[in-house]
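Below are the chains, spelled out letter by letter.
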Amino acid sequence: MNDYNILVIDDEIEIVELIEVYLTNEGYKVYKAYNGEEGLKILDNEKIYLVILDIMMPGIDGLAVCRKIRSTLNIPIIMLSAKSQDMDKILGLSTGADDYMVKPFNPMELIARIKSQLRRYLYLNSQIKVNENTDILEFKGVKINKKNHKVLVFDNEVNLTPTEYEILILLAENPGIVFSGEDIFKSVWKEKYFEGNNTVMVHIWRLREKIEQTPKEPKILETVWGVGYKIEK
């Protein structure tokens, strides 16, 4: 039995019940909410490890809920939506989601993505607990304390998602090395890369929004045109 609580927020009862069946069979404890307000209340009162969040809901929509969660928590968020256009996916990811799935979806693929997100999230948090060394990375006004998972930019703490943090660590620990989008995807997501996948690009953009003084003219997380991304110390 897994001790990881998962919150499902979706106004479609049939979808929630379907996801609950699959998650319960995997040993997870499932919390259910049928609108954004209910979901936020559960997050205030329970220890949740991952959120599955529908975008189109009455009242507070999924994008607003995602922003609210991201203001205080770094737990993984997987968005669900009937919208399949690239711009819809980019909007969902840029709001703070770690992954995006289009309805109708394969429940087993959702389970696989949940496990992948939890592995990364739990790995990062376990590293913080077991690492007894003072492990500091500093470059261009950025200070990363790997022991407590804090990132400071010119002494101001920034709130990164687990995915953003892992991308930053990958590049910061390999200064001067250029990583292609495919390299980053395989290293961070540990999944097969498909051409046209813009997930890395969206997360790079979000990361720049948080660590760069002028995101459109990045000085920290540099683009090597036609090749990929790098950080120089």
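Note that this is a predicted model, so its numbers are computed, not measured.

The rules we used
- Residues numbered from 1 in each chain as written.
- Predicted model: local features only at pLDDT ≥ 70, side-chain atom pairs only at ≥ 80, totals over all residues.
- Heavy atoms only, no water.
- Buried < 20%, exposed > 50% of the residue type's maximum accessible area, 1.4 Å probe, protein only.
- Helix = DSSP H or I, 4+ residues; strand = E, 2+ residues; numbered from the N terminus.
- Salt bridge = Lys/Arg side-chain N within 4 Å of Asp/Glu carboxyl O.
- Pairing = 2+ DSSP bridges.
- Axes fitted to C-alpha atoms, helices over the stretch in contact; angles between N-to-C directions.
- Contact = heavy atoms within 4.5 Å.

A.B. asks: Is there a simple way to think about helix H6 (residues 162-172) in this case?
C.D. replies: Residues separated by three or four positions in an α-helix point in the same direction, a consequence of the helix having 3.6 residues per turn. Burial within H6 is extensive, with 11 of its 11 residues counted as buried. Listed in full, the buried residues belonging to H6 are Pro 162, Thr 163, Glu 164, Tyr 165, Glu 166, Ile 167, Leu 168, Ile 169, Leu 170, Leu 171 and Ala 172.

A.B. asks: Got a minute to help me understand the pattern of salt bridges in this structure?
C.D. replies: Once the charged atoms of two side chains with opposite charge are near each other, the side chains can pair. Taken as a whole, this structure holds 14 salt bridges when the rule is applied. Taking the shortest distance from any N to any O, the salt bridge between Asp 98 and Arg 70 comes out at 2.8 Å. You can see Asp 98 sitting in the loop between helix H4 (86-95) and strand E5 (99-102) and its partner Arg 70 sitting in helix H3 (residues 62-70), a full 28 residues away along the chain. Side by side, Asp 98 and Arg 70 carry an identical accessibility label, which is buried.

A.B. asks: Can you help me understand the sheet that holds strand E9 (residues 156-158) in this one?
C.D. replies: The strands making up a sheet are joined through hydrogen bonds of the backbone, oriented either antiparallel or parallel. Taken together, the four strands give an open sheet; going across it, the order is E6-E7-E8-E9, and neighbouring strands pair in antiparallel fashion. One side of each edge strand has no neighbouring strand; the edge strands of this open sheet are strand E6 (136-139) and E9. Strand-to-strand twist across the sheet, computed as the mean angle between neighbouring axes with direction ignored, equals 25°. Across four bridges, E6 lies against strand E7 (residues 142-145) in antiparallel orientation. Bridged to Leu 137 within E7 is Ile 144. Against the sheet, H6 touches E6, E7 and strand E8 (150-153), its axis set at about 105° to E7.

A.B. asks: Explain the sheet that holds strand E4 (residues 77-81) to me, please; I cannot follow it from the model alone.
C.D. replies: Strand order across the open sheet formed by five strands is E2-E1-E3-E4-E5, with parallel pairing between neighbours. With partners counted over all chains shown, the strands left at the sheet margins are strand E2 (29-33) and E5, one partner each. In this sheet, neighbouring strand axes are inclined to one another by 20° on average, regardless of whether the strands run parallel or antiparallel. Relative to strand E3 (residues 50-54), strand E1 (residues 5-9) runs parallel, the two being bridged by four bridges. Looking at E3, one finds that Ile 6 is bridged to Leu 50. Against the sheet, helix H1 (residues 13-25) makes contact with E1, E2, E3 and E4, and its axis sits at roughly 170° relative to E2, the strand it touches most.

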